[in-house]
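Commentary on secondary and tertiary structure
One-letter residues, chain by chain:
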Amino acid sequence: DYCGYIGGSGDENGSGIAVDSSDHAYVTGRTLTSDGSFPATTGPDTTHNGTSDVFVAKLNATGTALDYCGYIGGSGSDSGEDIGVDSSGNAYVTGITGSFDFPTVNAPYPGFRGGTDAYVAKLNADGTALVYSTFLGGNDRDYGYGIAVDGIGNAYVTGRTDSRDFPAIDPLYLDFGT
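First things first, this report covers the structure right here in the doc. (Residues numbered from 1 in each chain as written. Predicted model: local features only at pLDDT ≥ 70, side-chain atom pairs only at ≥ 80, totals over all residues. Heavy atoms only, no water.)

Our focus in this paragraph is the side chain of Asp82. Positionally, Asp82 belongs in strand S5 (residues 78-85). Although Asp82 is buried, it forms no salt bridge, and the closest oppositely charged side chain is Arg30 at an N-O distance of 15 Å. If we ignore the near neighbours within four places in the chain, the residues touching Asp82 are Gly16, Ile17, Thr28, Tyr92, Val93, Thr94, Tyr145, Gly146 and Ile147. (Helix = DSSP H or I, 4+ residues; strand = E, 2+ residues; numbered from the N terminus. Buried < 20%, exposed > 50% of the residue type's maximum accessible area, 1.4 Å probe, protein only. Lys, Arg positive; Asp, Glu negative; His and termini not counted. Salt bridge = Lys/Arg side-chain N within 4 Å of Asp/Glu carboxyl O. Contact = heavy atoms within 4.5 Å.)

Moving on: unusual backbone geometry. Of note, Asp23 is a non-glycine position whose phi angle comes to about 70 degrees, a positive value. Even without being a glycine, Asn106 presents a positive backbone phi close to 45 degrees. The residue Asn106 is located in the loop between strand S6 (91-97) and strand S7 (117-123) in this model. Judged by relative accessible area, which is 64%, Asn106 ranks as exposed.

Here the focus is the sheet that holds S6. In spatial order, the strands read S5-S6-S7-S8; together these four strands make up an open sheet with antiparallel pairing. One side of each edge strand has no neighbouring strand; the edge strands of this open sheet are S5 and strand S8 (130-136). For this sheet the average axis-to-axis angle between neighbouring strands, irrespective of direction, equals 20 degrees. Alignment of S5 against S6, held across seven bridges, turns out to be antiparallel. The residue of S6 that forms the bridge with Ile83 is Val93. (Pairing = 2+ DSSP bridges. Axes fitted to C-alpha atoms, helices over the stretch in contact; angles between N-to-C directions.)

Set out below in structure tokens:
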């Protein structure tokens, strides 16, 4: 039972939250704070890079301190929309990026395709590095809105695409006349 803030002098928006089996809360969103007042001390990146960056934070079980807090982002506008956590404490994040230089690691889709792309990123359990991070999109606007993780660490993402060339594998396509 707690309530608090994660933020700096700019505009922040928390979009997703998950809780692990030890009652640690994981939060993601976006931050516009670039003056150093946002509490990014540990994470995949501790430097604000773009117009807005994704933030990922893990709170201790009592909500009295951050276990880690850091950024993921490129030179454009990026947001964290949802977060999941596996049984080992790895955090999985999805959202929207407008950054051609969004950080990719072990990426099946390492290149920005255009418009905006969805992304999927997995952070290690101590929040210091990306295990993987990939774009997910086509040549138009793509959005990652929700993420879930199963018992063996597979990530499932839902969102929206306006791209006719979205990288679908064995797609189920229903044409509703739109």
